[in-house]
Amino acid sequence: DGNVKITAKTGGTQRFRFDTDGLKFGTDTAAANALDDYEEGTFTPTARGNNTNSSPLIEGTGKYTKIGRLVQCTLHFSNENGSYLPSGEYIQIHGLPFTADGTHVMPGPGMNYKVVFNSSYQYYWYLPNNGTIMWGYINVSDSPYTPWGTDQWDNTQWYHSNTFTYMTDT
């Protein structure tokens, strides 16, 4: 019939099956075990300040893989000019490909180059409930988190790369 069907068995027990209905695991090949919601794509993340009218937007590149509700993102900003970011605002990354499912996510600081740091601080990104915007935050020992200022991104040749996973409700 022209369709490829692959089944793997161990000792007579089906471990997985791949056919026109998708990838299914285990002996139960019911729809609940089907890997039928797989998507890869690109998106354009933008770094900017937190003010609604903040400009300019600094565009990066992004790739994602979505399996069911799980989203794996990689984003990259290369040799960006942050000297014209608005002073006194908080750094954000807009444009994630899917809305977070209501669970707070704390992606790590990522790889940064030519961004101003204080070695006694910890730097993180925060993806709030039901959001598509990551906020940059700083943590100092025994103190609450505070927003990561755009003034620390004012170098004319900064780089930022990050890979993180979150859940979506779609």
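Model, not experiment: these values are computed from the prediction. (Residues numbered from 1 in each chain as written. Predicted model: local features only at pLDDT ≥ 70, side-chain atom pairs only at ≥ 80, totals over all residues. Heavy atoms only, no water.)

Some points on the nonpolar core
Now for step 1: Within the largest apolar cluster, 26 residues are counted, with the highest numbers of intra-cluster contacts made by Leu-75, Leu-96, Met-134, Trp-148, Trp-153 and Tyr-166.
Now for step 2: Only β9 (70-80), β12 (121-126), β13 (134-140) and β15 (158-167) provide two or more residues apiece to this core.
Now for step 3: Top element by residues in this core is β9. It accounts for four residues. (Core = buried A, V, L, I, M, F, W, Y, C linked by side-chain atoms within 4.5 Å. Buried < 20%, exposed > 50% of the residue type's maximum accessible area, 1.4 Å probe, protein only. Helix = DSSP H or I, 4+ residues; strand = E, 2+ residues; numbered from the N terminus.)

Description of the pairing of β9
Now for step 1: As paired elements, strand β8 (residues 61-67) and β9 share seven bridges and run antiparallel to each other. Note that in β9 the partner of Thr-65 across the bridge is Gln-72.
Now for step 2: Connecting the antiparallel pair β8 and β9 is a turn made up of two residues, with Gly-68 showing a positive phi of about 60°.
Now for step 3: Examined bridge by bridge, β9 and β15 share nine bridges and lie antiparallel to one another. (Pairing = 2+ DSSP bridges.)

Description of the sheet that holds strand β11 (residues 111-113)
Now for step 1: Strand order in the open sheet formed by five strands is β5-β8-β9-β15-β11, and the pairing between neighbours is antiparallel. What marks the edges here is a single partner per strand, and that holds for β5 (38-43) and β11. Going from strand to strand, the sheet's axes swing by 10° on average, the running direction of each strand aside.
Now for step 2: Across three bridges, β11 lies against β15 in antiparallel orientation. Bridging across to β15, Tyr-113 finds its partner in Tyr-159. (Axes fitted to C-alpha atoms, helices over the stretch in contact; angles between N-to-C directions.)

Side note on the packing of aromatic side chains
Now for step 1: Considering all chains together, one arrives at 13 aromatic pairs under this definition.
Now for step 2: Taken together, a centroid distance of 5.4 Å and an interplanar angle of 40° make the contact between Trp-125 and Trp-148 tilted. In this pair, Trp-125 is assigned in strand β12 and Trp-148 in the loop between β14 (146-147) and β15, connecting sequence segments 23 residues apart. Just as Trp-125 is buried, Trp-148 falls in that class too.
Now for step 3: Linked through ring pairs, Phe-77, Tyr-121, Tyr-123, Trp-125, Trp-148, Trp-153 and Trp-158 together constitute an aromatic cluster.
Now for step 4: Looking at Lys-66, its charged tip hangs above the ring of Phe-98, at a distance of 5.4 Å from the centre. (Phe/Tyr/Trp six-rings, centres within 6.5 Å; stacked < 30°, edge-to-face > 60°. Lys NZ or Arg CZ within 6 Å of the ring centre and 35° of its normal.)

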